[in-house]
Amino acid sequence: MKFLDEAKVYIRSGNGGNGCVSFRREKFIEFGGPNGGDGGKGGDVIAEAVYGLNTLIDYRYQQHFFAKNGGAGMGKGRHGANGADALLKVPVGTQIYEEDGETLLADLTERGQQAVLARGGNGGFGNAHFKSSTNRAPRRANPGQTGEELTIRLRLKLIADVGIVGLPNAGKSTFLAAVSAAKPKIADYPFTTLQPQLGVVGVDGREFVLADIPGLIEGAHEGVGLGDRFLGHVERCRVLLHLIDGTADDAGKAYKTVRDELSAYGHGLSAKPEIVILNKADALTPQEIKKQAGRLRRAAEQDVFVISAASGEGVRDVLRALMALIEATRAKSEGKREHAAWQP
Ligand SMILES: Nc1nc2c(ncn2[C@@H]2O[C@H](COP(=O)(O)OP(=O)(O)OP(=O)(O)O)[C@@H](O)[C@H]2O)c(=O)[nH]1
Ligand SMILES: [Mg+2]
């Protein structure tokens with residue numbers, strides 16, 4: 001399936017049906033009175049987060065979504081039919097913005113969550129509605145209200161527990177392939193990965209979702225390389241997995257380059273808990289490992305893992321550490337939620 005994380009869509013809700021002007025006409029019944037029914041309500045345009053989608057590619061092919069108009073009211077007090085809603089199914093993690101791309105209309109982060117993007121117009125009142133003691137034969141009815149029409153932008157921000165960041169060629173995709181069933185493209189040239197990839201990782205009977213995003217290089221926040229637009233997918237991750245190529249000249253420098261890009265991007269990325277990994281240990285001598293790990297430890301100011309994504313050496317320990325961190329942050333955010341709910 002092709003990946004697409006931004007889409008522009010035109011939506012229009014249904015117009016309300018017109019009210020009806022009509023009078024009761026029956027043999028032997030004089031002054032039958034008004035009996036024009038109300039118009040039906042126009043359909044809404046609704047977005048719903050559904051399970052099993054991880055791209056907005058469908059919105060490249062269909063970009064117009066119109067809800068149905070309400071039916072007109074009729075004689076004998078009959079109400080017009082309500083117009084059918086138009087439903088936009090989007091992946092969990094989709095944000096919906098106004099046309100400007102900045103005003104957030106809805107953020108669908110949970111499965112089944114819905115948002116009404118455009119409300120259908122109400123139906124007009126039929127003349128039965130306007131009868132009163134002084135006007136017993138009203139000849140007026142309201143027209144239905146018109147629906148809303150707008151352009152919206154959908155932006156998908158994947159919801160993964162862990163986001164892998166690093167320079168190109170650090171072995172991010174190799175790591176994803178080693179720990180999950182995902183089959184990302186792996187090659188020894190930079191920018192092999194052009195789109196985020198997801199994988200589900202099982203460890204000790206529990207699972208988490210891992211996202212591999214395209215490599216970052218110096219100046220990514222200014223658009224160098226593939227830029228930093230894919231960092232949006234890491235915004236919602238609980239934990240960062242920072243992979244550094246052990247065969248690089250200076251692992252500490254490589255680490256700092258990516259950290260600088262994360263801070264320049266902002267959105268709280270640099271404050272996320274991070275696990276730092278020296279990769280490609282199989283291609284290094286023990287002395288080189290020591291030297292590079294030392295540089296990395298000093299740059300990151302924390303302990304580092306030494307692994308080989310290619311041979312799988314050390315990978316299990318990393319997964320365990322990730323799982324523990326994820327659970328710690330989950331507990332924390334649940335605690336926070338409870339606390340927030342408790343406040344009056
Ligand atoms: N020797 C060795 N090579 C590795 C290891 N991990 C990855 N590589 C190699 O490094 C190269 C880059 O690997 P990728 O997984 O494509 O790197 P990436 O970080 O996803 O790169 P981009 O997608 O371009 O950002 C490939 O040729 C891999 O075979 C490792 O543990 N040991
Ligand atoms: Mg890759």
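Worth saying up front: this structure is predicted, and the values here are computed from it rather than measured.

K.L.:
Which residues make up the site of ligand 1, and what values go with them?
P.N.:
Of all residues adjacent to ligand 1, which total 24 residues, the nearest are Ser 173, Thr 174, Phe 191, Thr 193 and Asp 282. One of the backbone nitrogen or oxygen atoms of Asn 169 is found 2.9 Å away from an oxygen atom of ligand 1. Asn 279 is positioned such that a nitrogen or oxygen atom in its side chain is 3.2 Å from an oxygen atom of ligand 1. When ligand 1 is considered free in solution it has 650 Å² of accessible area, and contact with the protein chains removes 86% of it. With 3 residues, the single largest contributor to the shell around ligand 1 is helix H2 (residues 172-179).

K.L.:
So what's going on with the packing of aromatic side chains? Residues and values would help.
P.N.:
In this structure the tally under the stated criterion is 2 aromatic pairs. Summarising the aromatic geometry, the rings of Tyr 59 and Phe 65 are spaced 5.6 Å apart at their centres and angled 50° between planes, so their arrangement reads as tilted. By relative accessible area, Phe 65 is classed as buried at 11%. When the centroid spacing of 6.4 Å and the interplanar angle of 75° are considered together, the rings of Phe 125 and Phe 130 count as edge-to-face. Taking relative accessible area as the criterion, Phe 125 reaches 35% and is therefore assigned partly exposed. On the accessibility criterion, Phe 130 (16% relative accessible area) is buried. Here Arg 12 stacks its cationic end above the ring of Phe 66, 4.1 Å away from the centre of that ring. Taking NZ or CZ as reference, Arg 229 lies 4.7 Å from the ring centre of Phe 230, over its face.

The rules behind the values
Residues numbered from 1 in each chain as written. Chains lettered and ligands numbered in written order. Predicted model: local features only at pLDDT ≥ 70, side-chain atom pairs only at ≥ 80, totals over all residues. Heavy atoms only, no water. Near = heavy atom within 4 Å. Polar contact = N/O pair within 3.5 Å; in protein donor to acceptor, adjacent residues only side chain to side chain. Areas by Shrake-Rupley, 256 points an atom, 1.4 Å probe, with all protein chains shown as cover. Helix = DSSP H or I, 4+ residues; strand = E, 2+ residues; numbered from the N terminus. Phe/Tyr/Trp six-rings, centres within 6.5 Å; stacked < 30°, edge-to-face > 60°. Buried < 20%, exposed > 50% of the residue type's maximum accessible area, 1.4 Å probe, protein only. Lys NZ or Arg CZ within 6 Å of the ring centre and 35° of its normal.

Remember, this is a structural readout, not a statement about activity or role.
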